[in-house]
Amino acid sequence: MVKYDLTRRDFLRTAGAAVTASLVPGSYGAASAASERPNILYIMSDDHAAHAISAYGSRLAKVAPTPNIDRLAKEGILFENCFCTNSICVPSRATILTGQYSQTNGALDLGGKLEPENQHLPRLMKQAGYETAMIGKWHLKEEPAAFDYYCVLPGQGSYFNPILRESGGKWPENEKRYASYDSRHSSDVIADTSLKWLKNRKSSKPFFLMHHFKAPHDNFENAERYDWLFNDIDIPEPESLWDSGNHGSEATKGMGTSIGKRNKRRNMGMHMFVDQSLPDEQYKRTAYQRYLKKYLRCIRGVDDNIGRLFEYLDKSGLMDKTVIIYTSDQGMMLGEHDFIDKRWMYEESMRMPFLVRYPKMIKAGTRTDEIINNTDFAPTILELAGLKAPDYMQGRSFAPLLKGRTPPDWPQSTYYRYWMHMAHHDNPAHFGLRTKEYKLIFFYGQNYKKGGPKPTQPGWELYDMKNDPHEMNNIYSDPKYAGVIGKLKTELLRLREKYNETDAKYPNIQKVIDEYWNK
């Protein structure tokens, strides 16, 4: 794993920027008046698919509205093409905090971790004069010591009466249970803790609060007050739940955990305790309804608690002085192509919701289709705080997009890589490229670690994202796209080199790439 201690050059540049900014009237420097510098509230949930937010408009928008999250879209900006670079919890969180791709920050899979010296974003925000806090789901194993204050779930944590580890004691023994007679839900506890921290702040510094919900991660345990929500309706189904057309390839045939009985080892019907003796169609339909209702009940709890945060900011006069961001660590397959979970480079998994409100900078009701990914989050937050991202961050600030300006050299593509070959949800390892027009995926089907699951059949997939946004037709074998494929592969190679995402360390994978590159 690559470690990035703060170099003398980075320290001098960061310190110099802060000193210079402090001497410039009206700047965001460390010595500027707090009123001239925005607070930053970064709210993130776990596995909240963009198409489960009503502002994004989908089959779920009318039956499961999210009014508080939608407020950010109405009064700020909504990003239509925000993508993660590795759709699984630990790697995505490490990327967000470091501004780096997985192979550079070292968190390739769920075994990854992030040492305090590599917790770059909070460390730099603290140096910029912000009071920093991390509350909720952390999932990066090491102590979040770069923050001034933390109160985090150990690992995945529990949905009810959760234990959290709070700063001030010795990690990891610094545990405290949040419980009551009627039980307390983690979404409520995390919101309570953030509100307590906000209300009890004594500092005149601006704040940077990372507020991370556990919900709606499986096993989708909602607060009891939502138990009857959606009981009187049927949740709309995606067409591809029943017919996926020409989706997929030989590399993905039969792969992935399912809603119905297609995957005999693991499917949502098993998780939802559906009667195994039911006919296949009834089993699948029942599993889908139970899955979506539990998932959407968790999201209602997230949205309601976001409303509580907004209510405090409104009443305290902080709402318009705070940059408010809402996102999720990745998306989620909600029955599309009969898939569950995330991990896939397919759209519902790869796409992250991303909404921002800050009326001093952002025009209300803005939408953009420019491409961003989660390596860009840290550089953007740093720029909002008045700092330039250090060279070791691989992402790029999209602050200009917040202001309604697209730089002429803005990236037209984003790179993706899922490393965990055939783990947990039976997804073959793959990488690929997403542009506004196309998505190219190579399933190389190899474990990067010695041993583990056996290799699977390699193969390519290509989707026309303009004319086939639901990825129903793999056109890789269509001769008329040969020129498009050639250009996409050239760009794919360029990004793999640029972002240290080659397979020089993994000759078994490189061998497969070489063999199948032109097939």
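All figures in this text were calculated on a predicted structure; none of them were measured in a lab.

Caption draft 1: Examining the packing of aromatic side chains more closely. Tallied over the full model, the rule gives 29 aromatic pairs. Judged by centre distance (4.3 Å) and plane angle (25°), the ring pair of Y101 and Y499 falls under stacked. With Y101 in the loop between helix 3 (89-98) and helix 4 (102-105) and Y499 in the loop between helix 12 (482-498) and helix 13 (507-516), this residue pair connects regions lying 398 residues apart in the sequence. With relative accessibility at 3%, the residue Y101 sits in the buried group. Among the aromatic residues, those joined into a cluster by ring pairs are Y101, Y415, F431, F442, Y444, W460, Y476, Y499 and W517. Stacked on the ring of W171, the Lys or Arg R165 has its end atom at 4.9 Å from the ring centre. Stacked on the ring of W419, the Lys or Arg R417 has its end atom at 3.7 Å from the ring centre.

Caption draft 2: A look at the sheet that holds strand 11 (residues 354-357). Overall, mixed pairing links the 10 strands, which are arranged 6-5-4-3-7-1-8-11-2-12 in an open sheet. Two strands in the sheet have a free side with no partner beyond their single neighbour: strand 6 (175-177) and strand 12 (366-373). Each neighbouring strand pair of the sheet contributes to a mean axis angle of 20°, computed without reference to strand direction. When strand 1 (residues 39-45) meets strand 7 (residues 207-212), the two strands line up parallel, connected through five bridges. Across the sheet, the residue bridging to I43 is H211, located in strand 7. Packed onto the sheet, helix 6 (residues 186-199) meets strand 3 (131-137), strand 4 (149-153), strand 5 (163-166) and strand 7 and runs at close to 170° relative to strand 7.

Caption draft 3: Main features of the state of the cysteines. Here the structure, examined in full by the defined rule, presents zero disulfides. Of all cysteine sulfurs, the one in C89 lies closest to C151, which takes part in no disulfide; the gap is 19 Å. Since its relative accessible area comes to 0%, C151 is described here as buried.

Caption draft 4: Structural view of helix 10 (residues 377-384). Buried residues dominate helix 10, accounting for seven of its eight residues. All buried positions along helix 10 are accounted for by F377, A378, P379, T380, I381, L382 and L384. Looking at the residues trailing helix 10, positive phi occurs at G386, about 95°.

Caption draft 5: Representation of the environment of R357 in the model. By secondary structure assignment, the location of R357 is in strand 11. We classify R357 as buried; its relative accessible area is 7%. With 24 residues separating them in the primary sequence, R357 and I381 have C-alpha atoms 13 Å apart. Once residues within four sequence positions are removed from consideration, R357 is found in contact with R71, L72, E75, G76, M319, D320, T322, V323, I324 and I362. Here the side chain of R357 touches M319 through a polar contact of 3.4 Å, landing on its backbone oxygen. Looking at R357, its side chain comes within polar contact range of the side chain of D320, at 2.9 Å.

Caption draft 6: Region of the structure containing unusual backbone geometry. The omega angle of the peptide bond from A215 to P216 is 0°, so this bond is cis rather than trans. The topology assignment puts P216 in the loop between strand 7 and helix 7 (268-271). Following D218, the chain continues into N219 via a peptide bond in cis, with omega recorded as 15°. Tracing the backbone shows N219 in the loop between strand 7 and helix 7. Located in the positive-phi region is R343, a residue other than glycine, with phi close to 75°. Take R343: it is sitting in the loop between strand 10 (340-341) and helix 9 (347-350). R343 gets classed as buried once you look at its relative accessible area, which sits at 4%. The phi torsion at H424 lies on the positive side, around 65°, for a residue other than glycine. Locating H424 in the fold gives a position in the loop between strand 13 (413-418) and strand 14 (430-435).

Cut-off values and rules
Residues numbered from 1 in each chain as written. Predicted model: local features only at pLDDT ≥ 70, side-chain atom pairs only at ≥ 80, totals over all residues. Heavy atoms only, no water. Phe/Tyr/Trp six-rings, centres within 6.5 Å; stacked < 30°, edge-to-face > 60°. Helix = DSSP H or I, 4+ residues; strand = E, 2+ residues; numbered from the N terminus. Buried < 20%, exposed > 50% of the residue type's maximum accessible area, 1.4 Å probe, protein only. Lys NZ or Arg CZ within 6 Å of the ring centre and 35° of its normal. Pairing = 2+ DSSP bridges. Axes fitted to C-alpha atoms, helices over the stretch in contact; angles between N-to-C directions. Contact = heavy atoms within 4.5 Å. Disulfide = S-S within 2.5 Å. Polar contact = N/O pair within 3.5 Å; in protein donor to acceptor, adjacent residues only side chain to side chain.

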